[in-house]
Amino acid sequence: MTAAIPQALTYMMGNPNPEKPSYGMVTDGDLFMFIKLLKQEQPQYDFSDTFSLFLLRQNKLYDVLQVLKRISSVMV
């Protein structure tokens, strides 16, 4: 999953609306991680916790869906 982070950040840097934050998600099908990028003179990015569908007997799918819903409400 971490191999996808540089590619996701590269796509996010191409955001045509640099005044707004960019959001991304990387996954390997089990682990999910969200990225937020603020495109400024010195770009800043941050990562969410890693969510797993199978670790620790806790299905984090609902947590992942809540994050996606929140991002979609911000993007409108």
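Fair warning: this is a prediction, and the values are worked out from it, not measured in the lab.

Q: Honestly, the packing of aromatic side chains in this entry has me stumped. Any pointers?
A: Two numbers describe a pair of aromatic rings. These are the distance of the centres and the angle of the planes. Across all of its chains, the model carries two aromatic pairs by this definition. Aromatic pair Phe-34 and Phe-51: ring centres 6.1 Å apart, planes at 70 degrees, arrangement edge-to-face. You can see Phe-34 sitting in strand β2 (residues 31–38) and its partner Phe-51 sitting in strand β4 (residues 51–52), a full 17 residues away along the chain. You can call Phe-51 buried: its relative accessible area is 16%.

Q: Whenever I open this one, a nonpolar patch on the surface confuses me. Can you help?
A: On the surface, Met-25, Leu-61, Tyr-62, Leu-65 and Leu-68 cluster together into a nonpolar patch covering about 460 Å² of accessible area. If one sorts the elements of the nonpolar patch by residue count, helix α2 (residues 61–75) sits on top with four residues. For Leu-68, the location among the structural elements is in helix α2.

Parameters and conventions
Residues numbered from 1 in each chain as written. Predicted model: local features only at pLDDT ≥ 70, side-chain atom pairs only at ≥ 80, totals over all residues. Heavy atoms only, no water. Phe/Tyr/Trp six-rings, centres within 6.5 Å; stacked < 30°, edge-to-face > 60°. Helix = DSSP H or I, 4+ residues; strand = E, 2+ residues; numbered from the N terminus. Buried < 20%, exposed > 50% of the residue type's maximum accessible area, 1.4 Å probe, protein only. Patch = residues over 30% accessible without salt bridge, like charges linked within 9 Å, V, L, I, M, F, W, Y side chains within 5 Å. Areas by Shrake-Rupley, 256 points an atom, 1.4 Å probe, with all protein chains shown as cover. Salt bridge = Lys/Arg side-chain N within 4 Å of Asp/Glu carboxyl O.

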